[in-house]
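An overview of the molecular structure
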Amino acid sequence: MTLAVLNQDRGAEGGSLVLRFENTPTFTKVLHLQHLNEIDPTIDNQRAIAVLVIPQDFSENLLAPDRSADVQILIDGRKTNAASIVGGYMQTIVQSYARSHIAQSSGVTPRPDAEVVTRNWFNPNLNPQEALEPCLICLLATVVGLPLASLSIAREREMGTFEQLLVTPFSPLEILIGKALPAMVLATFSAGLVTSIVILAFGIMLKGSFLLLVLALEAFLLAIIGIGLFIGSLSMTQQQTVLGCFLVMPPMIMLSGFATPIENMPEWLQTLTVVDPVRWFIVIIKGLFLRGMSTQVVLINMLPLFAIAALTLSAAVFMFKRRME
């Protein structure tokens, strides 16, 4: 594991604590940060699993008999199991240093052992509703948008009205746009209704931008509806379409990180989740509700949604043209 250290203390005690972490076999690499602004990118980009912050007055407080010397440990909670293990190692090292300092101090009143105060940065009360309820917006949009888009094409073919579409002056792309818009409108309405319930009924406030949430929702629906249109273009009957949707939706939800963190999955399965649009929208919607995700990070997570939408919509147009021929 890689550890990042921000040592703001210029005394010997702060450097001695850093050496304890550098000489432990637990961490293979130690990154030295220079400013507080480097902490968030280090954690967000997974350059280090944890950050040790030593304040400026650490040495002064440690040598004073009537003060308490504090250090801060920030751990990336996305890797659940690893975070718990790393947190235990870091607390052990700090407690060992505290006991060693007490034993070596002369003329200083012994202080009690190190006290660990744990605080969760996002969702500090660990309320499961705050983590789960916003995800229902994504799940409902998936359940509504995917079948509606796919069934709209299969129903035309099964009811015998598909040939009527062929004699209209519309191109295959225009026909698919006409099939996609109702599904997009209904899915947007359903997601908006659930968003209102989450905010008004459950009291889970949106900490990020509402406009970014709407833009991310529409990008997500483009990807979902593209998958639905592709399934509908392949199917000959509505029963085949329903089976195709049930074949696609459970893996998409299971691999999205909704119930199981993606970081805890096998590496080959983590690679497979890259093509799952639900994964990227759950990251966005959790970030906007729980942590007020910035515009830049939201746009970065929207790029895979646009790529998936472009790929699936292009495949749907191609298959639709083949069926028309």
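Along each chain, numbering runs from 1 in the same order as the chain's sequence is written. Given that this is a predicted model, residues contribute local features only at a pLDDT of at least 70 and side-chain atom pairs are listed and counted only at 80 or more, while totals for whole chains, interfaces and linings are drawn from all residues. Note that water and hydrogens are dropped before the side-chain values are worked out from all heavy atoms of the structure.

Moving on to the overall build of the chain. Looking only at helices and strands, one finds 12 helices and four strands in the chain. The reference for a compact globule is 2.2 Å times residues^0.38; the radius of gyration itself is calculated from the C-alpha atoms. Taken against the 2.2 N^0.38 rule, which gives 20 Å for 325 residues, the C-alpha radius of gyration of the chain at 26 Å runs more than 25% over that of a compact globule. Taken along the three principal axes of its C-alpha coordinates, the chain extends 95 × 40 × 30 Å. Burial classification: accessible surface area is computed with a 1.4 Å probe over protein chains only, and a residue below 20% of its type maximum counts as buried, one above 50% as exposed, and the rest as partly exposed. A burial count over the chain gives 43% of its 325 residues as buried. Strands here mean DSSP runs of E at least two residues long; helices mean DSSP runs of H or I at least four residues long; both are numbered from the N terminus.

The next thing to look at is the side chain of T241. By secondary structure assignment, the location of T241 is in helix α9 (residues 238-254). When its relative accessible area of 0% is taken as the criterion, T241 is described as buried. Filtering out sequence-adjacent residues up to four positions away, T241 remains in contact with S150, L151, A154, I231 and S235. Here, two residues are considered to be in contact whenever any of their heavy atoms come within 4.5 Å of each other.

Residues forming no salt bridge and having over 30% relative accessible area are the ones grouped into patches, like charges within 9 Å of each other and nonpolar side chains (Val, Leu, Ile, Met, Phe, Trp, Tyr) within 5 Å. Calculation of accessible area relied on Shrake-Rupley with a 1.4 Å probe; when residues are assessed, cover is drawn exclusively from the protein chains displayed. Salt bridge criterion: a side-chain nitrogen from Lys or Arg within 4 Å of a carboxyl oxygen from Asp or Glu. Residues F189, L193, I197 and F202 make up a contiguous nonpolar surface patch of roughly 400 Å² in combined accessible area. By secondary structure assignment, the location of F189 is in helix α7 (residues 172-201). Residue F189 is classed as exposed on the basis of its relative accessible area, which comes to 59%.

Here we take up the sheet that holds strand β1 (residues 2-7). Whether two strands pair depends on DSSP finding at least two bridges between them. Here four strands make up an open sheet; going across it, the order is β2-β1-β3-β4 and the pairing mixed. Lying at the two open borders of the sheet, with one neighbouring strand each, are β2 (29-32) and β4 (72-75). Within this sheet the neighbouring strands show an average axis-to-axis angle of 20 degrees, counted without direction. In the packing of helix α1 (residues 12-22) onto the sheet, the strands contacted are β1, β2 and β3 (50-54), and the crossing angle to β1 comes to about 175 degrees. Axes here refer to lines fitted to C-alpha atoms; in helices the fit is confined to the stretch in contact. Angles between the N-to-C directions go from 0 to 180 degrees. Strands β1, β3 and β4 of the sheet are contacted by helix α4 (residues 80-104), whose axis makes an angle of about 165 degrees with β4.

Looking now at unusual backbone geometry. Of note, Q46 is a non-glycine position whose phi angle comes to about 60 degrees, a positive value. Its location among the elements puts Q46 in the loop between α2 (39-44) and β3.

Our focus in this paragraph is the pattern of salt bridges. Throughout the structure, instances matching the rule amount to one salt bridge. A salt bridge links D44 to R291; the shortest N-O distance between them is 3.3 Å. One end of the pair, D44, is in helix α2; the other, R291, is in helix α11 (residues 277-291), with 247 residues separating them in the sequence.

Let's shift gears to the nonpolar core. Ranked by internal contacts, the top residues of the largest apolar core, which has 52 residues, are F220, L229, L288 and F289. Of all the secondary structure elements, the ones that give two or more residues to this core are α5 (128-159), α7, α8 (210-234), α9, α11 and α12 (295-324). Here this core gets 13 residues from one element, more than from any other, and that element is α8. By size, the runner-up hydrophobic cluster in this structure holds 19 residues, among which are V18, I49, L52 and V94. What we call a nonpolar core is a set of buried Ala, Val, Leu, Ile, Met, Phe, Trp, Tyr and Cys residues that are connected through their side-chain atoms within 4.5 Å.

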